Amino acid sequence: MKITGLNPTILTSDLESMRRLFEDLGFERRHERENISSEFDNSAVDTSIRMKSEDGFTVDINSFEGIPRDETLIRINVDDFDEAYQFLEEHGFRNFMGEGNLLVTPFLKGAHMESPSGFGIMLMQHLKS
């Protein structure tokens, strides 16, 4: 398993406030996707924004309607999702959305993994077409 990217990810129901905060910190919007729905289950991200600073730091902001409070995760992109998923399970992580519930789209495969203490990792693999 090779890590291909690592950055903080914020889950929020107040996308615009969070976006403005990071713009005020010097980050610029790099790309945005809306209505990301999983082919596997009913999970969906309303909007996902990737932002980057002049110094090369990145942050993702994902909007979910009705999320009770903001949450920060570490997003880890890998080249082999299944291997990374198993590795995290062996270290006590579980799929926060339930075993087998993955975010699967034409361009990514992902899961919100949580450690026994509550530390979260958004595990992702970009799928190449």
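Note on numbering: residues in each chain are counted from 1, in written sequence order. Totals for whole chains, interfaces and linings use all residues, but because this is a predicted model, local features are given only for residues with pLDDT of at least 70 and pairs of side-chain atoms are given and counted only at 80 or more. Excluding hydrogens and water, the side-chain values take into account all heavy atoms of the structure.

A. Representation of helix H1 (residues 15–24) within the structure. Only protein chains enter the accessibility calculation, which uses a 1.4 Å probe; a residue whose area is less than 20% of its type maximum is buried, one above 50% is exposed, and one in between is partly exposed. Secondary structure elements follow DSSP: runs of H or I no shorter than four residues count as helices, runs of E no shorter than two count as strands, and numbering proceeds from the N terminus. Three or more residues of H1 are buried, namely Leu15, Met18, Arg19 and Phe22. Along the axis of H1, the buried residues cluster in a sector spanning 100°; they form a single face. Here the arc refers to the set of directions running from the helix axis out to each C-beta atom.

B. Main features of the side chain of Asn95. Mapped onto the elements, Asn95 comes out in strand S6 (residues 94–95). Using a relative accessible area of 3% as the deciding quantity, one classes Asn95 as buried. We define a polar contact as two N or O atoms separated by no more than 3.5 Å, with the added condition that, inside protein, one atom must be a possible hydrogen donor and the other a possible acceptor, whereas residues neighbouring each other in sequence contribute only through side-chain atom pairs. At 3.0 Å, the side chain of Asn95 forms a polar contact with the backbone nitrogen of Met97. Two residues form a contact once any of their heavy atoms are found within 4.5 Å. Not counting chain neighbours up to four residues away, the residues in contact with Asn95 comprise Tyr85, Gly100, Asn101, Leu102, Ala111, His112 and Met113.

C. Focus on the pattern of salt bridges. Basic side-chain nitrogens of Lys or Arg form a salt bridge, by our definition, when they fall within 4 Å of a carboxyl oxygen of Asp or Glu. Under the counting rule described, the total for this entry stands at seven salt bridges. In this structure, Arg29 and Glu23 form a salt bridge, with 4.0 Å as the shortest nitrogen-oxygen distance. On the basis of relative accessible area, Arg29 is assigned to the partly exposed category, the value being 38%. Looking at Glu23, the relative accessible area reads 31%, which means it is partly exposed. For Lys109, the salt bridge is made with Asp82, and the minimal N-O distance between the two is 3.1 Å. Of the two residues, Lys109 is situated in strand S8 (residues 108–114) and Asp82 in helix H2 (residues 81–90); the sequence distance between them amounts to 27 residues. A network of salt bridges, in which partner residues are shared, links Glu16, Arg19, Glu23 and Arg29.

D. Seen up close, the pairing of strand S5 (residues 71–78). Extensive coverage of S5 is indicated by the burial of six of its eight residues. What makes two strands pair is DSSP finding at least two bridges between them. Relative to S5, strand S1 (residues 3–12) is paired through eight bridges, and the arrangement is antiparallel. Pairing of Ile3 across the sheet is with Val78, part of S5. Summarising the sheet, S5 and strand S9 (residues 120–126) pair through four bridges and their orientation is parallel. Bridging across to S9, Asn77 finds its partner in Met124.

E. Up close: the pairing of S1. Note: S1 against strand S4 (residues 58–63), four bridges, orientation parallel. Counted as the bridge partner of Thr12 is Ser63 from S4.

Shape is all these values report; function is a separate question.
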